[in-house]
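Here is what each chain is made of, one letter per residue.
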Amino acid sequence: RGRAGGGARYFAGESLRRLVSTLVVAEHEGGLVKPSSLSALAAAEAIAKENKVSLLLGGSGPTLHKAAQHAASSHPLVNEVLVADSDVFAHPLAEPWAELLRSVQQKGGYSHVIASSTSFGKNLLPRAAALLDVSPVTDVTAISEPRVFVRPIYAGNALCTVRYTGENPCMMSIRSTSFSPTTESMPETKVAPITQVDLSFLNEVSSRKSSWVNLTSQDTERPDLANACVVVTGGRGLKSAENFKLLEQLAEKLGAAVGATRAAVDAGYVPNELQVGQTGKIVAPELYIAFGVSGAIQHLAGMRDSKVIVAVNKDADAPIFQVADYGIVGDLFQVLGELLRKMPDK
Ligand code: FAD
């Protein structure tokens, strides 16, 4: 049991729900809040239906302001949009961002802080938590109570239910594949106010150990691996970078993203950003097609929540078949060739 102001008594869960307010770290691109951050909003709703949510965006220029407009009408629970308008936040550098999070939390006194388990979120959250002297709860996949969470352990082979017993804020990163963004649209009259964050703390920030160099990304029309509805993945069985082009052709036809195992990445067939698994991206598409992937637990950790899994492997005993809904035991090049011939262009 907990005690609220005025001497009234509430059950702990209920009183917690009444006191919930959440700061969500929002990533944005091209003037829109990223889908992974919209999932963080869905997680805020799972904490409490009456949650008061502040969305924090950083960066500079017109895309920031466009993204702030998008954020203001992105979810009915959004109470305010906080904008940190400075070049310092234009790139995902965790050090200044952690200072920003500390400053915003100290002013806002939120009960919860949520970021997505993206590369940026994973980099930022522990640093900000250290500055605020709390322990973050990472990789949350379900929320049972405002301070009770489910998270995978042992590369996704077991689920652990944890209760956060520390001081406010309860800081957590969420797996965006586990929280579907709301489809409920905002009533037209409810557009949250946009407020500029006081950045005077920037003057006090002493040394920064990292600086932004550049961004190299593949110029592709294909969907982002983490959010794609269909993913076609290649393993070491593909045997070469050249053969991965066949997979790319199939991805073109299916409007899919291309993924890879760590063995394929380590062999230099594809860049690291395509890696799916425990130390790569976590995906949960509607359809996951794996070619020449053995199904090591570290790979399964990144794709086992996919809705339909199809595996093509010449080894009938390959562990991937234990999680596959449909399996083809055979030569992947034969199957790929046939699929490419028979499927119409998109
Ligand atoms: P292999 O295990 O070599 O399998 C290749 C498969 O292709 C075989 O099953 C074979 O039968 C099949 N094959 C070959 N030729 C053909 C053909 N012509 N037709 C059909 N099938 C064919 N791995 C990840 O993927 N993601 C991670 O994030 C990840 N993180 C890791 C973290 C740690 C700490 C460690 C220790 C390992 C991690 N790994 C990860 C590596 C993982 O353990 C496996 O080594 C890796 O997933 C194997 O990749 P693979 O299936 O492509 O290769």
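Residues numbered from 1 in each chain as written. Predicted model: local features only at pLDDT ≥ 70, side-chain atom pairs only at ≥ 80, totals over all residues. Heavy atoms only, no water.

- Within an unreviewed UniProt entry, the label attached to the protein reads Electron transfer flavoprotein subunit alpha, and the organism entered is Brachypodium distachyon.
- Quoted verbatim from the Subcellular location (unreviewed entry) field of the UniProt record, the comment on the protein reads "Mitochondrion matrix". (UniProt positions renumbered as here; feature names shortened; annotations may be inferred.)

## Quick look at the overall build of the protein
Then, number 1: Within the protein, the secondary structure is distributed over 10 helices and 19 strands.
Then, number 2: The C-alpha radius of gyration computed for the protein amounts to 22 Å, which stays within 12% of the reference 20 Å derived for 346 residues, consistent with globular compactness.
Then, number 3: Seen along its three principal axes, the alpha-carbon backbone of the protein occupies a region of about 70 × 45 × 45 Å.
Then, number 4: Per-residue burial over the protein gives 48% buried out of 346 residues.
Then, number 5: The long-range fraction of contacts in the protein, counting pairs at least 24 apart against all pairs at least 6 apart in sequence, stands at 66%.
Then, number 6: For the protein, the accessible area works out to roughly 17200 Å², and carbon and sulfur atoms hold 49% of it.
Then, number 7: Mean positive and mean negative side-chain charge positions of the protein (33 and 34 charges, respectively) differ by 5 Å. (Helix = DSSP H or I, 4+ residues; strand = E, 2+ residues; numbered from the N terminus. Rg over C-alpha atoms; globule rule 2.2 N^0.38 Å. Buried < 20%, exposed > 50% of the residue type's maximum accessible area, 1.4 Å probe, protein only. Contact = heavy atoms within 4.5 Å. Areas by Shrake-Rupley, 256 points an atom, 1.4 Å probe, with all protein chains shown as cover. Lys, Arg positive; Asp, Glu negative; His and termini not counted. Charge placed at Lys NZ, Arg CZ, Asp CG, Glu CD.)

## Observations regarding the site of the ligand
Then, number 1: As a structural note, the neighbourhood of the ligand is formed by 26 residues, with Arg 236, Thr 261, Thr 279, Ser 294 and Asp 331 the closest of them.
Then, number 2: One of the side-chain nitrogen or oxygen atoms of Ser 294 is found 2.7 Å away from an oxygen atom of the ligand.
Then, number 3: Taking Asp 331, its side chain carries an N or O atom lying 2.7 Å from a nitrogen atom of the ligand.
Then, number 4: In isolation the ligand exposes 980 Å². Once the protein is present, 77% of that is buried.
Then, number 5: Those elements giving two or more residues to the shell around the ligand turn out to be α7 (262–266), α8 (297–300) and α10 (332–342).
Then, number 6: Among the residues making up the shell around the ligand, the classes are represented as 6 nonpolar, 14 polar and 6 charged. (Near = heavy atom within 4 Å. Polar contact = N/O pair within 3.5 Å; in protein donor to acceptor, adjacent residues only side chain to side chain. Nonpolar A, V, L, I, M, F, W, Y, C, P; charged D, E, K, R; others polar.)

## Quick notes on helix α2 (residues 35–47)
Then, number 1: The terminal C-alpha atoms of α2 lie 19 Å apart, and with 13 residues this matches the ideal 18 Å at 1.5 Å per residue to within 8%.
Then, number 2: Along α2, the residues classified as buried are Ser 36, Ser 37, Leu 38, Ser 39, Ala 40, Leu 41, Ala 42, Ala 43, Ala 44, Glu 45 and Ile 47. (Expected span 1.5 Å × (residues − 1).)

## What about the packing of helix α6 (residues 241–254) against α10?
Then, number 1: Running from N to C, α6 and α10 point in directions that differ by 35°, and their axes come no closer than 10 Å. Read as a crossing pair, α6 and α10 show a hand that is left-handed. Of the residues in α10, those touching α6 at Asn 243, Leu 246, Leu 247, Gln 249, Leu 250 and Lys 253 are Phe 333, Leu 336, Leu 339 and Leu 340.
Then, number 2: Across the contact of α6 with α10, the residue classes break down as 7 nonpolar, 2 polar and 1 charged. (Axes fitted to C-alpha atoms, helices over the stretch in contact; angles between N-to-C directions. Left-handed = near helix turned anticlockwise from the far one by under 90°.)

## With respect to the sheet that holds strand β18 (residues 308–313)
Then, number 1: Strand order in the open sheet formed by 5 strands is β16-β15-β17-β18-β19, and the pairing between neighbours is parallel. Lying at the two open borders of the sheet, with one neighbouring strand each, are β16 (257–260) and β19 (326–329). If you compare each strand with its neighbour and ignore which way they point, the axes differ by 15° on average.
Then, number 2: Where β18 and β19 come together, 4 bridges link them in parallel fashion. Along β19, the bridge assignment pairs Asn 313 with Val 329.
Then, number 3: Those strands touched by α6 are β15 (230–234), β16 and β17 (287–291), and its axis lies near 170° from that of β15.
Then, number 4: Each of β17, β18 and β19 is contacted by α10, which is oriented at about 135° to β17, the strand it contacts most. (Pairing = 2+ DSSP bridges.)

## Quick notes on unusual backbone geometry
Trans peptide bonds make up most of the peptide bonds, and negative phi angles are found at most residues other than glycine.
Then, number 1: Backbone torsion omega between Asn 168 and Pro 169 reads 0°, so that peptide bond is classified as cis.
Then, number 2: Inspection of the secondary structure puts Pro 169 in the loop between β12 (158–163) and β13 (170–174).
Then, number 3: Although it is not a glycine, Asp 139 adopts a positive phi angle of roughly 60°.
Then, number 4: Within the fold, Asp 139 resides in strand β9 (residues 137–140).

## Some thoughts on the packing of aromatic side chains
Then, number 1: Enumeration according to the criterion identifies 3 aromatic pairs in this entry.
Then, number 2: An angle of 75° between the planes, with centres 5.6 Å apart, marks the rings of Phe 89 and Trp 97 as edge-to-face.
Then, number 3: Phe 89 gets classed as buried once you look at its relative accessible area, which sits at 2%.
Then, number 4: Taking relative accessible area as the criterion, Trp 97 reaches 3% and is therefore assigned buried.
Then, number 5: Between Trp 97 and Phe 120, the aromatic rings sit 5.3 Å apart at their centres with planes inclined by 80°, giving edge-to-face as the arrangement. Taken together, the residues span a long stretch of sequence, with Trp 97 in helix α4 (residues 94–108) and Phe 120 in helix α5 (residues 119–132) at a distance of 23 residues. Phe 120 carries the same exposure label as Trp 97, and that label is buried.
Then, number 6: Among the aromatic side chains, those forming a connected cluster through ring pairs are Phe 89, Trp 97 and Phe 120. (Phe/Tyr/Trp six-rings, centres within 6.5 Å; stacked < 30°, edge-to-face > 60°.)

## Some details on the side chain of Ser 103
Then, number 1: For Ser 103, the location among the structural elements is in helix α4.
Then, number 2: Residue Ser 103 is classed as buried on the basis of its relative accessible area, which comes to 8%.
Then, number 3: The residues touching Ser 103, leaving out its near neighbours within four places in the chain, are Asp 198 and Phe 201.

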